[in-house]
Structure formats: structure tokens, C-alpha cells
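# Descriptive structure summary
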Amino acid sequence: MLTRRAFAAHIGLGAAAVRMLPEMAYAQREAVGARDLPQDVVWLNANENPAGPPPASLAAMRETLPTSGRYHFQEFGDIYAAVAKSEDLEPGQTIVGAGSSEVLHFAIDAFTSPTRPLITMTATFEGPLEVARGLGRPVVLTRLLPDYSADVHALAEEAGKAHGGLIYLCNPNNPTSAITTHKDLEWLVGNLPAGTILLVDEAYIHFGESPELKSALPYVRQGKDVIVTRTFSKMYGMAGLRVGFGAARPDLIRRMTPLRMGVISIVSARAVLAALADRQNILPPRHASLAKTRRELCDWLRERKLSFIEPHGNFIMIDVGRNAREFAGAMPRLGVVPGRPFPPLDNLLRVTIGTDAEMAKFRDVFWKVYQG
Ligand SMILES: Cc1ncc(COP(=O)(O)O)c(C=O)c1O
């Protein structure tokens, strides 16, 4: 069995992605010399949640494991309906996948074509771009605005020029942790050119605090040309369980349905059900804890006059004042693995918010490398 460290070393430089991979794989395939890392290395590279699965989900999984010799096909109707209900949606308005990666994958497959591009911004989550390119679909990139928010006018303009396509908008955006405000989102939904679908990736929406950050799910309920993706990998801490879902108008869901892989793991599905049933006790404390740790890190950076992009996700981009690739490369042997570089944001280092103890170690290692 490959340990996580060995996996990182194994997939090191040069590994080629043929299918969409979740964040960890993107981050770790850049890991160089992972074999030589200290035993107690802190991983702050993949925007995972150190809290892991909630206790209710762990209990549900333990109970389910002995019965996992069967597919449990007959249960999935109710399971998927519970996922839909958790967001006040009808079952026909949602589609569940193996992580939101799978949903993004089949949304791109269904709504782009050799003549209908994927239109997005740079930098953003690269999974969708890789899928589109892998499928031979054109990709159009727009620049971020100086405050690192999406240029919604440019996105709409490009979609108009292409006579339609799929706009991918990650909100909050990975890797910048910046948001597209509700006002901008509202404008974009109201000004989608003909033949254009807006795909809003809300993997990190649970971590936001700003009143300007609002979900695009109401547009789905209103029947707009909008698809929203959500994941249980981040706030719910279940990245390894691989569950996410898409929300959209039933006719859009029907176009994606034939492209999905099949039902998900019953163990993961039951973990999700248990988490949804207990979400009032899971989400608020997790949010409060993340927000506190994130705020402390921001204060620490401000005290040292280090600039960063105001974070709205469980990660932050810090300006290291030099090439972030070299900076990031110096950290792992001191015991912390930060995110990989995200061109064209060459001086910005992306760091996942971990536990308080992990962030204390991060500050120590970061400061050592920063001071040279
Ligand atoms: C913005 C964004 N969307 C989607 C994903 C895919 O996550 P998952 O497939 O685990 O739901 C990630 C992973 O990190 C991400 O950063």
C-alpha cells in the first residue's frame, strides 16, 4: 500500500493527468523529493480540512462497512433526494458524483463542444481546464481584475464572441481565495449571452464570511441557465470519501446524467447522509474555528507587513516578494508543504489553513525561509 508520502514521491514530476484529479493530486504531483520529508511533515497544500469527517459520519461508515459487499442501488434514490432536500431542491435538480470533480467533468463534457468553449479566468482551479483540453474543447481565458476578482464583463463578452459556451466561475476562487461579489454574479446571470451556461463551483462557499459572497443556488431554483457544484471534501472534511453534487434545472441535469460514472460508494453516501442530518452541529463550529485560525494568520502577516489576498476560503495566498516556486521548494524539508505555484501569480504562495498547531509550525518555517 502506498503511504501518502510515498504516493507524493511516486507521482512526482512528470506524471500526466488523463482524468480530472482532485486538488491533492494536482498539488502533490508537483512535490519534489517527497521521499526525504520529515515524518511529522505538515501538509498545507491541498485545501483539505484537518477536522476530517464528523463523528456522526464515522459512526455511519463503521456501521455500513460490513454491508458494503452489495451495491445498494435501491437506496440511492432516497439518498440523492436527501442531498437535494438539504438545499431546498427537488431530486430532479441535483446530480451526485464521486467528488465535485466528477460533476465538473461531466458538466464540461455535456456543455462544451469543439465549437462551444469553456470560458474562465486565470488563475483558477485547473481541473476544468484540463478536462476541456483533454476532450479537445477550446478554452478561453480572461484575466482577473486587479483586486483578484473575476472580470464578469470579460467572461460574458468572450461567451458572446464564441456564440455561446460554458463559463466556469469558481467562487470563492481557488487559488486566490477571492470572491465574486453577489452584485457581479447577479449581473453575469442577467447578461449571459445566448447559448451560454454558467457553471459556478462553490467548493469553498461554506468558509466565507463576507455578506458580499452569496451562493448561486437561488438561480438554479429560479430555473436560470446556471449549474452549481458543491463538495463534501472541504468543510465536511471528507475529501477521501469522494462525494460532491451538482444543482441545475432538470433539463440540464438530464443532459449530464448519461455521462456520470454510476452510483457512488454506499459507505461514502451513508457518511454524507449522517453529516447532513447533523449539519447544524457540524457547520457552525467548523466555520468559527477556521475563521479564527485564518484571522490569526492574517493578523500575523499584517504585523510583518506581508501582503496577501483577503481570504474567503480555507486557504490564503501570500506575496512572498520573490518567485513562489523557489520559496515553496524550500519549505518541505523544514517540515511544511505549502501549495504549488499558480502561474501567472508567480510571487504568491498558496497555503491551506490547518489546525492552530499546524499554523504555528507554518509561521515558524515560513519566517525562516522568508528571512533567508
Ligand atoms: C475549486 C475546486 N473545485 C473542485 C474541487 C474538487 O474537489 P472534490 O472532487 O474533492 O469535490 C477542488 C479540489 O480541491 C477545488 O479546489
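Above: the structure in question.
An account of the accompanying structure is given in this report.

### Observations regarding the packing of aromatic side chains
With the rule as written, the count across this model stands at twelve aromatic pairs. Residues Y71 and F73 carry aromatic rings whose centres are separated by 4.7 Å and whose planes lie at 15 degrees to one another, so their mutual orientation is stacked. Among the aromatic residues, those joined into a cluster by ring pairs are W300, F327, F362, F366, W367 and Y370. A cation sits over an aromatic face here: R322 above Y370, 5.1 Å from the ring centre. The ring centre of F315 lies 5.7 Å from the NZ or CZ of R350, which sits over that ring.

### A word on empty space enclosed by the protein
The gaps left among the atoms become clear once a water-sized probe is rolled over them. For the structure on display, the rule yields one cavity of 30 Å³ or more. When its volume is computed, the largest cavity comes out at roughly 70 Å³. Lining the largest cavity we find S86, E87, H206, R230, T231, F232, Y236, F245, L276 and R279. Residue classes in the lining of the largest cavity are distributed as four nonpolar, three polar and three charged.

### A word on the packing of helix α3 (residues 55-64) against helix α11 (residues 266-277)
Where α3 meets α11, the closest approach of the two axes is 8 Å, and the angle between their N-to-C directions is 145 degrees. Along this stretch, α3 crosses α11, giving a crossing that reads as right-handed. Where α3 abuts α11, its residues A56, S57, A60, M61 and T64 lie against I266, V267, R270, A271, A274 and A275. Class assignment for the residues of the contact of α3 with α11 results in eight nonpolar, two polar and one charged.

### Some words on the pattern of salt bridges
Going through the model one piece at a time under the given rule, you end up with 17 salt bridges. A salt bridge links E87 to R230; its shortest N-O distance comes to 3.2 Å. One end of the pair, E87, is in the loop between α4 (76-85) and β2 (94-97); the other, R230, is in strand β7 (residues 226-231), and 143 residues separate them in sequence. A salt bridge links K292 to D356, with the shortest nitrogen-to-oxygen separation between them at 3.1 Å. Placement of K292 in helix α12 (residues 279-303) and of D356 in helix α14 (residues 356-371) is noted, with a sequence separation of 64 residues between them.

### Structural notes on the sheet that holds strand β3 (residues 118-122)
Two pairing modes exist for strands in a sheet, parallel and antiparallel, and in both the strands are linked by backbone hydrogen bonds. With mixed pairing, the seven strands of this open sheet are ordered in space as β2-β8-β7-β6-β5-β3-β4. The open sheet is flanked by β2 and β4 (139-143), the only strands paired with a single partner. Taken pair by pair, the neighbouring strands of this sheet meet at an average axis angle of 25 degrees, ignoring direction. Where helix α5 (residues 99-111) meets the sheet, its contacts fall on β2, β3, β5 (165-170), β6 (196-201), β7 and β8 (244-247), and the angle it forms with β7 comes to roughly 160 degrees. In this fold helix α6 (residues 127-134) packs onto β3, β4 and β5, with an angle of close to 150 degrees to the strand it touches most, β4.

### Considering the pairing of β3
With respect to burial, β3 is a largely interior element, four of its five residues being buried. As defined by bridge partners, β3 adjoins β4 across five bridges and the pair is classed as parallel. Opposite M121, over in β4, you have T142 as the bridge partner. Regarding topology, α6 serves as the crossover connection from β3 to the parallel β4, and that connection is right-handed. By the bridge criterion, two bridges tie β3 to β5 in an arrangement that is parallel. The residue bridging L118 from the neighbouring strand is L166, located in β5.

### Topic: a nonpolar patch on the surface
Residues Y71, F73 and V263 make up a contiguous nonpolar surface patch of about 340 Å² in total accessible area. Inspection of the secondary structure assignment puts Y71 in the loop between α3 and α4. Judged by its relative accessible area of 62%, Y71 falls in the exposed class.

Basis of the calculations
- Residues numbered from 1 in each chain as written.
- Predicted model: local features only at pLDDT ≥ 70, side-chain atom pairs only at ≥ 80, totals over all residues.
- Heavy atoms only, no water.
- Phe/Tyr/Trp six-rings, centres within 6.5 Å; stacked < 30°, edge-to-face > 60°.
- Lys NZ or Arg CZ within 6 Å of the ring centre and 35° of its normal.
- 1 Å grid on protein atoms, 1.4 Å probe; cavity = no way out; pocket = protein on both sides within 12 Å on 5 of 7 lines; lining within 4 Å.
- Points joined across faces, edges and corners; volume = space filled by probe spheres on them.
- Nonpolar A, V, L, I, M, F, W, Y, C, P; charged D, E, K, R; others polar.
- Axes fitted to C-alpha atoms, helices over the stretch in contact; angles between N-to-C directions.
- Helix = DSSP H or I, 4+ residues; strand = E, 2+ residues; numbered from the N terminus.
- Left-handed = near helix turned anticlockwise from the far one by under 90°.
- Contact = heavy atoms within 4.5 Å.
- Salt bridge = Lys/Arg side-chain N within 4 Å of Asp/Glu carboxyl O.
- Pairing = 2+ DSSP bridges.
- Buried < 20%, exposed > 50% of the residue type's maximum accessible area, 1.4 Å probe, protein only.
- Right-handed = clockwise from strand over helix to strand, strands pointing away.
- Patch = residues over 30% accessible without salt bridge, like charges linked within 9 Å, V, L, I, M, F, W, Y side chains within 5 Å.
- Areas by Shrake-Rupley, 256 points an atom, 1.4 Å probe, with all protein chains shown as cover.

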